[in-house]
Amino acid sequence: MDLTDSFNGIENELRGFTKQLKSRRTEPPGQESAEGRNVKEINTKLNEANGSLEDCNAVLQSQIEASSRAMGALQELLVEVKLLSELPQESDDIDNFMREGGGGGPTVKKRISKDDLKDLLDLSRTLKDTVNLFESVETLIRETLQNSQRGAELAADVQDELDRLNRERGEAERKRKEEEEEGQKREEEERQRRKEEERQRREEEERQRREEEERQRRKEEERQRREEEERQRREEEERQRREEEERQRREEEERQRREEKERLEKQRISELRQRQAEEEKKRKSEEKQQLQREREEARLLREEERSWRPVVIKLQDSNEPEALFGRDSPGCAIRAPEGAFIRDEIRCTDASSLLRPCSFPASEEVAGRAVRIEAIGRSELGSSYGGRTVQWFLVLPQSAGKSPGKETVLYVYNKNDTSWTEVPSDEIQQGGLPSQYRWFETRMSEVPITIVPVVRWKVSRFNLTQQGAEIVSPLDSRFGLTIPGDSISQNNASFAQSFQVRPISQELIDKLRTDHPDSYSGLLTTSFLLVHTSSEAQPLKRPSEYKLHLPRSVSNKNYSSNHAENFSAYNEGISRRSSIAPRKQSKRLDTARAPSETIIIASIDSTEPTAQWNALQTIRDYEKTNTEKLNVRISHLSNSRRLLALRINKDFDVDKLDEICREIESNMEIRTVSLIVRQSTDSRMAVVALPSNDKKQYLLELLTSKGFKVVSEPRSPELQNEVKELKVMERQNLSVELTGNITSDEGQEFTLLFNSNEWNCLLLNLSPKDPYLQKSFPTHRGFVQVFSELQPNRIAKQQVQLAKHDSDGGKKPPWRSPFVYKSKDAVTMEYLRELAMDIQDNWSILADQLGVSKERCSAIRNAYPEQSDQALEMLISWLKQTIVLESKTASLIKALKACRFVQLANELRQRELLLQQES
């Protein structure tokens with residue numbers, strides 16, 4: 001029982017320890033319970049329990065061994081127990097047992113006495129008690145073994161829990177050590193930091209100490225320097241004082257000398273002024289006399305110059321047909337003193353070839369011929385007058401009439417850079433000059449000189465300065481330019497400016513609208529083209545304004561009526577919506593009041609071909625009270641700016657603005673001319689003319705009066721020479737070519753430089769190219785074709801007819817044959833002509849050898865009376881029938897030898913060998 005109690009106590013202690021361990025397992029990390037803090041005590045108790053358990057196990061093992069031995073003895077006694085089991089249990093029964101013989105048999109009865117049997121009964125009882133005791137002990141041992149197993153399991157759990165606790169404790173210890181190491185590291189770093197701060201503090205104190213010492217040293221040096229400077233200043237003041245005293249002394253002496261000198265100088269100046277006044281008075285008197293003499297000389301010179309009579313110089317090498325106009329063409333005139341030169345000394349020639357299309361702007365028209373004036377044996381034209389050379393006047397005729405807004409200027413050709421330069425000129429009216437021209441004169445500098453009169457729109461030139469400018473066009477005062485003062489940034493700067501207004505007729509707009517209805521359907525009117533050029537591009541500090549005028553009326557009646565109908569419908573729609581009677585319309589329709597109209601200001605700032613017109617500003621008609629006057633603001637000056645205002649409606653395609661403006665600008669420069677071809681009725685003379693439309697009627701009447709008419713056949717009215725209108729530009733090169741069976745003594749091709757102020761005529765002596773051609777026609781026919789250098793195709797074509805003479809036609813000589821033979825061997829047309837002269841008497845024999853038929857030979861004899869012509873025609877017939885690849889030389893040599901013309905055959909062979917050697 002004691003052993004069981006020990007096991008129960010040990011089990012209870014283990015269970016208690018397990019509960020304590022489980023309770024510790026639930027505590028948060030970092031905290032320890034009372035049992036956890038006494039873990040060593042728990043371990044000690046556990047070790048004691050383990051020791052007790054081991055002792056119990058040893059006792060149990062010994063008891064088990066004793067029980068085993070007892071069990072063995074018991075096994076031996078079992079037999080006896082079984083024998084004794086049948087003995088009576090009480091002493092009273094023993095007698096009965098003995099009498100009955102018991103179950104032991106006779107042996108037992110013989111061997112066991114009654115006393116022994118009683119002892120055996122006692123022993124049996126003892127054995128039974130022992131067996132019972134052993135069974136109880138066995139049961140106790142089994143329970144003890146079970147408890148021991150449970151204790152071992154609990155001990156294993158406790159050991160596992162202890163191992164976990166040890167691991168956690170080790171981990172906690174490791175972390176604690178790491179924290180301690182980290183803390184020590186931080187403490188070491190803090191200690192190092194403090195040490196470094198201390199070191200830095202000591203260094204800073206040392207630095208401050210050194211700085212303080214350096215400051216003290218510098219302060220001491222500064223003090224010493226100031227003392228030295230003060231000493232030097234005092235010395236300098238003393239020196240300056242002495243110098244000032246010396247200077248004052250010298251100045252006093254100098255003043256005295258200067259006063260004396262000034263006194264003497266004033267005395268000298270007074271005397272000099274008196275002399276100068278006398279000399280100035282004398283000089284002015286002389287200048288006055290000289291000026292009077294010069295004025296008198298100038299007056300006399302002007303009177304003399306006015307008395308100079310102009311001498312007209314005939315134009316030589318002129319392209320103008322003098323026989324047609326019946327007069328000499330004046331090239332120029334020289335105004336010089338009478339008898340100063342001989343007319344034959346001055347030579348005036350046509351220099352129109354120098355007027356290239358790019359010589360002047362297209363808007364400028366050549367008003368006369370470009371002439372070159374040369375003087376034989378002279379380098380300049382002038383007369384000595386009053387000890388100086390007075391230049392003569394060169395007078396040029398101008399064939400264009402007066403036009404408002406235009407002026408005539410003279411340009412002189414510069415040979416060095418092939419350019420034209422404007423020279424001062426004036427219009428004169430003096431006797432001796434043909435009255436059908438306007439004459440302009442300029443002074444001549446040197447000869448030779450090339451000069452031409454040009455008509456252009458009036459240009460307003462001015463210089464833009466800080467004061468600004470306000471310019472009004474001389475053609476139309478409603479166009480102008482206003483630049484306020486202080487608009488340019490450069491001081492004392494001056495920029496050359498030019499301002500020009502070029503009219504655009506409404507007829508031109510109407511014509512463009514008619515020719516191109518899709519593009520110009522929405523264009524109503526345009527303003528004049530305003531051109532403003534500057535010497536250089538310049539930004540403006542203050543905005544400036546262009547003044548434009550845009551008319552409201554539309555000249556095209558159909559277009560105006562359609563526009564008026566739209567306008568009336570618009571007013572009726574408004575009256576119906578507002579229930580107010582429409583206002584009575586005036587007789588004159590104001591088309592600008594339609595709300596769908598818009599004004600576009602188009603601008604282009606360059607003359608380059610790639611530049612484009614852009615919409616500079618858009619103005620709605622209802623935004624302004626008076627839209628005929630427009631002001632366009634600008635912020636910079638352009639090298640070349642052109643402005644154009646357009647009044648449009650909703651049908652206008654704004655995307656085509658650049659195309660439309662370019663076409664309007666180009667049509668301003670296009671001239672309408674007429675191609676006139678007229679022939680003389682009594683000769684083969686013909687006139688080809690390209691006059692402008694204003695000269696067309698006069699030229700037709702003049703040609704008719706001179707006997708130049710249209711030559712045509714009554715049965716071919718389609719061949720009549722009608723007047724054809726062409727579109728060309730000023731100074732455009734026009735090529736005139738004669739084609740067909742017509743040629744002239746002057747040539748086949750001619751070049752005319754178109755000038756709207758000239759007749760542009762060619763007087764040609766026509767003749768047929770080949771009178772033997774066109775036998776089926778009653779006349780010789782050809783064409784006059786006109787080509788332009790600006791267009792790839794022909795621009796005009798007119799027919800020319802020549803009457804046939806009696807000598808025309810008949811048999812055509814062989815040498816006029818159109819047969820052309822290009823030979824690569826010795827048999828050429830020249831050789832055949834020579835051979836025909838050599839064999840003219842015996843050509844029929846050679847014809848047989850060459851294979852020419854007798855019928856062809858008979859036809860040749862009938863057609864050509866001369867034998868040389870017959871021989872040549874026979875040779876040509878032989879060439880025509882010969883195979884192309886056949887050797888003509890070999891065949892002809894063989895035929896010549898067959899006819900016994902050995903010498904001719906050898907000469908032909910020699911020619912062939914020479915030709916082969918050359919090749």
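As annotated in an unreviewed UniProt entry, the protein carries the name Death domain-containing protein and comes from Macrostomum lignano.

Asks: Whenever I open this one, the packing of helix α14 (residues 843–850) against helix α17 (residues 888–898) confuses me. Can you help?
Replies: Each packed pair of helices is defined by two parameters, the angle between the axes and the distance between the axes. Viewed as axis vectors pointing N to C, α14 and α17 meet at an angle of 125°, and their least axial separation amounts to 9 Å. Relative to α17, the element α14 lies oblique. α14 and α17 meet at a crossing whose hand is right-handed. When α14 is examined against α17, the residues Leu-846, Gln-849 and Leu-850 are found in contact with a partner set consisting of Ser-891, Leu-892, Ala-895, Leu-896 and Ala-898. Here the residues of the contact of α14 with α17 sort into six nonpolar, two polar and no charged.

Asks: Can you walk me through the sheet that holds strand β31 (residues 749–753) in this structure?
Replies: Whenever strands of a sheet pair, they do so through backbone hydrogen bonds, lying parallel or antiparallel. Here four strands make up an open sheet; going across it, the order is β31-β29-β33-β34 and the pairing antiparallel. Looking at strand neighbours, the two that pair on one side only are β31 and β34 (794–803), the edges of this open sheet. Neighbour-to-neighbour, the strand axes of this sheet turn through a mean angle of 25°, independent of strand direction.

Asks: Would you take a moment to explain the pairing of strand β21 (residues 598–604) for this structure?
Replies: It is a general feature of regular strands that their side chains alternate between the two faces of the sheet. For β21, a buried count of seven out of seven residues is recorded, marking the element as mostly surrounded by other parts of the structure. Of the pairings in the sheet, the one linking β21 to strand β24 (residues 640–648) comprises seven bridges and is antiparallel in character. Looking across to β24, one finds that Ile-599 is bridged to Arg-647.

Asks: When you look at the environment of Ala-370 in this model, what are you seeing that I'm missing?
Replies: Following the sequence through the fold, Ala-370 ends up in the loop between β4 (365–366) and β5 (371–375). In this structure Ala-370 comes out as buried when scored by relative accessible area, which is 0%. For the pair Ala-370 and Leu-396, spaced 26 residues apart in sequence, the C-alpha separation works out to 9.4 Å. For Ala-370, the contacting residues outside a window of four places in its chain are Thr-349, Asp-350, Ala-351, Ser-352, Leu-355, Trp-420, Ile-451 and Val-452.

Asks: Which parts of the structure should I look at to understand the side chain of Ser-527?
Replies: Relative to the assigned elements, Ser-527 resides in the loop between β18 (523–526) and β19 (529–534). Setting aside chain neighbours within four positions, we find Ser-527 in contact with Phe-479, Ile-504, His-549, Leu-550, Leu-644 and Ala-645.

Asks: Looking at this model, I keep getting lost on the sheet that holds strand β16 (residues 480–483). Mind explaining?
Replies: The strand order β15-β16-β20-β23 describes an open sheet built from four strands, whose pairing is antiparallel. Only two strands of the sheet have a single partner each, and these edge strands are β15 (469–472) and β23 (629–637). Pairs of neighbouring strands in the sheet enclose a mean axial angle of 20°, with direction left out of account. As judged from the four bridges shared by β15 and β16, these two strands associate in the antiparallel manner. By the bridge assignment for β16, Val-472 is matched with Gly-480.

Asks: Would you mind going over the pairing of strand β12 (residues 438–443) with me for this structure?
Replies: Of all six residues making up β12, five are buried, and the element is well covered by its neighbours. Where strand β8 (residues 393–398) meets β12, six bridges bridge the pair, whose relative direction is antiparallel. Bridge assignment links Gln-398 to a residue of β12, and that residue is Arg-438. Note that strand β11 (residues 426–428) and β12 share three bridges and pair antiparallel. Counted as the bridge partner of Asp-426 is Glu-441 from β12.

Asks: I'm lost on a negative patch on the surface in this one. Help?
Replies: Taken together, the side chains of Glu-830, Glu-834, Asp-838 and Glu-907 present a region of like negative charge at the surface. Broken down by element, the residue count for the negative patch peaks at three residues, all from helix α13 (residues 829–838). Relative to the helices and strands, Glu-830 resides in helix α13.

Asks: Explain the packing of aromatic side chains here, please?
Replies: For any pair of aromatic rings, the description rests on two quantities: the centre-to-centre distance and the angle between the ring planes. Here the structure, examined in full by the defined rule, presents four aromatic pairs. Between Phe-479 and Phe-528 the ring centres are 5.4 Å apart and the planes differ by 0°, which places this aromatic pair in the stacked class. Of this pair, Phe-479 sits in the loop between β15 and β16 while Phe-528 sits in the loop between β18 and β19, placing them 49 residues apart in sequence. Here the guanidinium or amino end of Lys-406 rests over the ring plane of Trp-457, the centre of that ring lying 4.6 Å away. Just above the ring of Phe-783 sits the side chain of Lys-797; from NZ or CZ to the centre is 4.0 Å.

Reading the values: the criteria
- Residues numbered from 1 in each chain as written.
- Predicted model: local features only at pLDDT ≥ 70, side-chain atom pairs only at ≥ 80, totals over all residues.
- Heavy atoms only, no water.
- Axes fitted to C-alpha atoms, helices over the stretch in contact; angles between N-to-C directions.
- Helix = DSSP H or I, 4+ residues; strand = E, 2+ residues; numbered from the N terminus.
- Parallel < 35°, antiparallel > 145°, perpendicular 65-115°, else oblique.
- Left-handed = near helix turned anticlockwise from the far one by under 90°.
- Contact = heavy atoms within 4.5 Å.
- Nonpolar A, V, L, I, M, F, W, Y, C, P; charged D, E, K, R; others polar.
- Pairing = 2+ DSSP bridges.
- Buried < 20%, exposed > 50% of the residue type's maximum accessible area, 1.4 Å probe, protein only.
- Patch = residues over 30% accessible without salt bridge, like charges linked within 9 Å, V, L, I, M, F, W, Y side chains within 5 Å.
- Areas by Shrake-Rupley, 256 points an atom, 1.4 Å probe, with all protein chains shown as cover.
- Salt bridge = Lys/Arg side-chain N within 4 Å of Asp/Glu carboxyl O.
- Lys, Arg positive; Asp, Glu negative; His and termini not counted.
- Charge placed at Lys NZ, Arg CZ, Asp CG, Glu CD.
- Phe/Tyr/Trp six-rings, centres within 6.5 Å; stacked < 30°, edge-to-face > 60°.
- Lys NZ or Arg CZ within 6 Å of the ring centre and 35° of its normal.

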